[in-house]
Amino acid sequence: MFQVQRSPAVHDVVVIGSGAGGGTTVKVLTDLGINVTLLEAGPMLDPQKDFKEHVWPWQVDHRGSGPNAESYFGKQQWGYWNAPNGYWDVPGEPYSIAPGDEFKWFRSRILGGRTNHYGRISLRFSDYDFKPQEFDGLGFDWPVTYEEMSPWYDKAEEFIGVTGTHEGIRSAPDGRFLPPIAPRVHEMLVQRAGKKLNIPVIPSRMAMLTKSIHGRAACHYCGQCGRGCRVAAAFSSSQAMIFPALKTGKLTIVNGAMARELLVDDEGLVNAVSYIDKATRTEKQIRARAVVVAASACESARLLLNSKSTKFPNGLANGSGVVGRYLTDTVGYSLGGSVPALENMPRHNCDGIGGMHVYIPWWELDKKNKDFPRGYHVEIGGGLGMPQLGSFRGAAATAGYGSSIKEAARRQYGTNVSFAGRGEMIPNENSYCEIDNTKVDRWGIPVLKFHWKWQQYEIKMVQHMHDTFTSLIEAMGGRGANRTFDPVASISKGGEIIHEAGTVRMGDDPKKSALNKWSQAHEVANLVVADAAPFNGNPDKNVTLTIVANAWRAAEHLADEMKKGNV
Amino acid sequence: MNEPNDVSRRDLFRIVGTTLLSAELITAQDAKDAHAGMSMPMSPNGPKSLNGGPNYIPKHFNANRFKTLRHLGDLIMPADATSPAASEAGAAEFIDFLCSRNEDLANTFDGGLAWLDEYMIHKHGTDFLSSKPAEQTAVLDLAYGSRGGSPEVAAGGQFFTWARNMVVDAYYTSPVGVKDIGFMGNTIVPAPFGVPQEAVDYVLKRSPFGA
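**Thoughts on the pairing of strand S14 (residues 446-451) of chain A**
Two faces belong to every sheet, and in a regular strand the side chains alternate between them.
Residue and element names in this part refer to chain A.
Phase 1 of the analysis: Summarising the sheet, strand S3 (residues 96-97) and S14 pair through two bridges and their orientation is parallel. Residue pairing for S14: serine 96 is matched across the bridge by lysine 449.
Phase 2 of the analysis: Summarising the sheet, strand S13 (residues 432-440) and S14 pair through six bridges and their orientation is antiparallel. The partner of tyrosine 432 across the bridge, within S14, is histidine 451.

See below:
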């Protein structure tokens, strides 16, 4: 007879997901002496084995194409060299998309989740980001102000380590920064172009250590943070939070555990997590005094929606009906151009930290008569990067065959400067996820169905990005701007920037929100959500720093409530 | 940067063998040693040549086809005053390996090389490898001409594009290519990071902003 294995022990806190939110929760709770059991759907991480840092392309037979030439056939989901991170298409774990809509859902199945490879851009949300209704009448106010959140940003920055400088720009609040990193040559050109166009170009704010803190080594400037950093100079929740928590003896990790449902008792409190043990394909249950869900915005919504009971017929903590709603992602658009001034530049090592050393914070906050609300920041690419498959195909295509190929490649190497706009999406009624009742994944868990619509706000912002990037490229004497530009065709697909947020939103009114200001479910006192699902908006500042700050705050509050006996 | 020595090498093994495998955070000192250790495969820039030589046993192609591919690669990217030809980048070996792993790719190269030999036999009475140098370059002139390929070789067009792309890819992902292009990274840089003034001056002088 089939039997579900239910552990007799009641664990203090079960955390579901080990990315930025789960990692922070684990760190904070174990530091406070609370026993934590962490469920991760993927395997354990071994940085020495899993990270391909410092490997040259020729050190593998396929040089990075993938062992079966995947990159040559568009079948490589993510670069070969990157840290194990997850995929757009996870085998056996499909999702549905409403007819006519487009959405891409990135899932990570590894200890540390997406923090092993992410861009590590670490920007505070601003005062108006927490009160957008007050600011311009659009979106939803958070039940938290910037002033309330600021001390948690301090803690987050001081712990993970963020580079930066004090600039006094309202859209980009200053924080507790490590020393900034000097710009590369192409970035100096962008700084001068910005000066000419009245656009601020300031040192980037990145979670890489320009000096050693908390026993983590300082950066050695190999620029390969995306491959995972063996010495954890680039932040990841796995290395900086979870491995140290293991040392306390307060943490138990259960890998290969795909959460299926949260079970409730007669009083409507969560009393156990049901999960599929992937190795044996059996259902197991783990009893808990409190549960923190940090499975990523959409997975967390899916888990709650799949947790139906007599008491919660619409899914757990979903009396308001907002779970899955108001799904947002960042607005993305990129443009690059070739800058002749950089041709044949004297060669040098400009690896630095992985990603940009300077960036452009939103600079038109006070401008009247814009045709879109809020704004975007700009990330800058370029430099003398490590050659990869494809790096010089463009040069070769213009050079026929013979020695002219090498000449073209030498001349063009490092001349491309690119700009990536990362803008705010206003939450809307037509972008959401729900359970697709006609389909389950290989574990038998009902899958999500996505609905996605950009509004004119976002489309018009992309036009502004294109015009700005063209001006910047031209100011540097560059060329390459696309003359026939269609913003509708050029805007990123929903989910593509991998900043999903908003699906289990917080608020003061239980009729309009699922969580209170501490990310604790209004209807279920011992349930906390600690990823980007609680966000009431998705400002033009990447989500991770705010996930860490908000999860830290939520975890301390949970610990406090447990101590008081309220949970 | 110091060259790695036996001490750092030993430390690296210690770190790899114990600390990290037991999933713990390493200390700053251990990390410093690991930094030194990790520089080992980087200095010098790998083997001088990736050419498998005359005794290389192809994984996918027969011996003659492999020789044809290696020769074609050297015509696409020949040696010049600065750097050697594509065969030193192991271009044919790279394509051979991937053809042994991917049927679509194998079909492209098998078909393309067969077409090329047929074309040459029909035109000159000998296969590509046995043809005169001028006959060989004549077909490449047609394939890679400024107008993007002559109709006469259109049937081989897709193959020529694949061949150039993969030869160029192989070249710049090899030690000779990395050296030729002048990539100087993938190493350990002591803080603080900075770029040389010479490069800054060179670019600013050439830019609209002036020095």
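So, next bit.
**Observations regarding the interface of chain B and chain A**
Quite often, the size of an interface is put as the accessible area lost when its parts meet.
Phase 1 of the analysis: Counting from both sides, the interface comprises 69 residues of chain B and, opposite them, 75 residues of chain A.
Phase 2 of the analysis: For the side of chain B that touches chain A, the secondary structure elements donating two or more residues are helix H2 (28-38), helix H3 (63-76), helix H4 (91-101), helix H5 (103-124), helix H7 (157-172), helix H8 (175-181) and helix H9 (197-206) of chain B.
Phase 3 of the analysis: When grouped by side-chain class, the residues that make up the side of chain B that touches chain A number 44 nonpolar, 15 polar and ten charged.

**So, the packing of helix H6 (residues 185-197) of chain A against helix H11 (residues 456-475) of chain A**
Residues and elements named next belong to chain A.
Phase 1 of the analysis: Viewed as axis vectors pointing N to C, H6 and H11 meet at an angle of 115 degrees, and their least axial separation amounts to 9 Å. The orientation of H6 with respect to H11, classified from their angle, is roughly perpendicular. As H6 packs across H11, the resulting crossing turns out to be right-handed. Touching Val190, Ala193, Lys196 and Leu197 of H6 are Ser471, Leu472 and Ala475, all from H11.

**Remarks on the sheet that holds S3 of chain A**
All names here are of chain A.
Phase 1 of the analysis: One open sheet holds the three strands; their spatial order is S3-S14-S13, and the pairing between them is mixed. Taken across any chain shown, the strands that pair with only one partner, and hence form the sheet edges, are S3 and S13.
Phase 2 of the analysis: Sheet strands in contact with helix H8 (residues 297-305) are S13 and S14, and its direction is about 60 degrees off that of S13.

**Here's the deal with the domain arrangement of chain A**
Residues and elements named next belong to chain A.
Phase 1 of the analysis: When the domains of chain A are assigned, the result is domain 1 (1-45 + 84-120 + 123-160 + 235-321 + 501-567) and domain 2 (161-225 + 331-423 + 455-490).
Phase 2 of the analysis: For domain 1 versus domain 2, the distance between C-alpha centres works out to 32 Å.
Phase 3 of the analysis: Of the residues forming the side of domain 1 that touches domain 2, the biggest block, six residues, is contributed by helix H5 (residues 146-160).

**With respect to H3 of chain B**
Residue and element names in this part refer to chain B.
Phase 1 of the analysis: Between the first and last C-alpha of H3 there are 20 Å, a value that for 14 residues agrees with the 20 Å anticipated at 1.5 Å per step.
Phase 2 of the analysis: Among the residues of H3, Arg65, Phe66, Thr68, Leu69, Arg70, Leu72, Gly73, Leu75 and Ile76 are the ones counted as buried.
Phase 3 of the analysis: Contacts made by the buried residues of H3 are with H4, H5, helix H6 (133-143) and H7.

What counts as what
Residues numbered from 1 in each chain as written. Chains lettered and ligands numbered in written order. Predicted model: local features only at pLDDT ≥ 70, side-chain atom pairs only at ≥ 80, totals over all residues. Pairing = 2+ DSSP bridges. Helix = DSSP H or I, 4+ residues; strand = E, 2+ residues; numbered from the N terminus. Contact = placed C-beta atoms within 7 Å. Nonpolar A, V, L, I, M, F, W, Y, C, P; charged D, E, K, R; others polar. Axes fitted to C-alpha atoms, helices over the stretch in contact; angles between N-to-C directions. Parallel < 35°, antiparallel > 145°, perpendicular 65-115°, else oblique. Left-handed = near helix turned anticlockwise from the far one by under 90°. Domains from an automatic or database assignment. Expected span 1.5 Å × (residues − 1). Buried ≥ 20, exposed ≤ 12 C-beta atoms within 10 Å, placed from the backbone.

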